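Topology and contacts: notes
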Amino acid sequence: MGKVLTLPERQDAQGGWHQVLREVCYGCGCRYLSAEDDHDLVWEPGREVQSSCTDELCECHTAPVIGERRG
Ligand SMILES: [Zn+2]
Ligand SMILES: [Zn+2]
C-alpha cells in the first residue's frame, strides 16, 4: 500500500512516460487521456468510438492526437 495514489501511465510520441488523467472530449463526449503534468499532451481515442459518442466525425476520431501536444 503506497502513500501516493498511482495514476495509469502512457508513453508519449517521444518515448517518455506520463501519468494520465481521464478527460471528456467537448466535441463528442468520448473519453480521452491527458498527461497529469502537461494537459496539452493528449491521447485521443481515434477509431475507438464509444457508444455514447455524439459525433463520430469529431477530430478526436478523424485526426487523433496520440501522445503529442495538441495544437
Ligand atoms: Zn471527440
Ligand atoms: Zn466520440
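Residues numbered from 1 in each chain as written. Chains lettered and ligands numbered in written order. Predicted model: local features only at pLDDT ≥ 70, side-chain atom pairs only at ≥ 80, totals over all residues.

**Comments concerning the overall build of the protein**
For clarity, the threshold we go by: In this description a helix means any DSSP run of H or I spanning at least four residues, a strand means any run of E spanning at least two, and both kinds are numbered starting from the N terminus. Put simply, a residue is buried when 20 or more other C-beta atoms lie within 10 Å of its own C-beta and exposed when 12 or fewer do; between those, it is partly exposed, and each C-beta is set from the backbone. Our contact criterion uses C-beta atoms placed from the backbone: two residues qualify when those atoms are within 7 Å.
The number of helices and strands found in the protein is 1 helix and 5 strands. Listing the helices and strands of the protein from first to last along the sequence gives β-β-β-β-α-β. Projected onto its principal axes, the C-alpha coordinates of the protein cover approximately 40 × 25 × 15 Å. Within the protein, the fraction of its 71 residues that count as buried is 21%. Here the contacts in the protein between residues at least 6 apart in sequence split such that 33% fall between residues at least 24 apart.

**Overview of the environment of threonine 62**
Considering the arrangement of structural elements, one finds threonine 62 in helix α1 (residues 59-62). Separated by 34 residues in sequence, threonine 62 and cysteine 28 place their C-alpha atoms 12 Å apart.

**Concerning the pairing of strand β4 (residues 38-43)**
Keep this limit in mind: Paired strands are those between which DSSP finds at least two bridges.
Pairing analysis gives 3 bridges linking strand β3 (residues 31-35) to β4, with the strands arranged antiparallel. Its bridge partner lying in β4, leucine 33 is registered against tryptophan 43. Counting the residues between successive antiparallel strands, the hairpin from β3 to β4 contains 2 residues. Strand direction decides the pairing type here: β4 and strand β5 (residues 66-69), joined by 3 bridges, are antiparallel. Counted as the bridge partner of valine 42 is glutamate 68 from β5.

**Things to note about the environment of arginine 47**
With respect to the helices and strands, arginine 47 occurs in the loop between β4 and α1. Residues arginine 47 and histidine 18, 29 residues apart in the sequence, show an inter-C-alpha distance of 22 Å.

**Things to note about the sheet that holds β3**
So the rule is basically this: Every angle, taken between N-to-C directions, lies between 0 and 180 degrees, and every axis is a line fitted to C-alpha atoms, over only the stretch in contact when it is a helix.
Strand order across the open sheet formed by 5 strands is β1-β2-β3-β4-β5, with antiparallel pairing between neighbours. Sheet topology places β1 (9-11) and β5 at the edges, where each strand pairs with a single neighbour. Within this sheet the neighbouring strands show an average axis-to-axis angle of 45°, counted without direction. Note: strand β2 (residues 17-24) against β3, 5 bridges, orientation antiparallel. By the bridge assignment for β3, valine 20 is matched with alanine 35.

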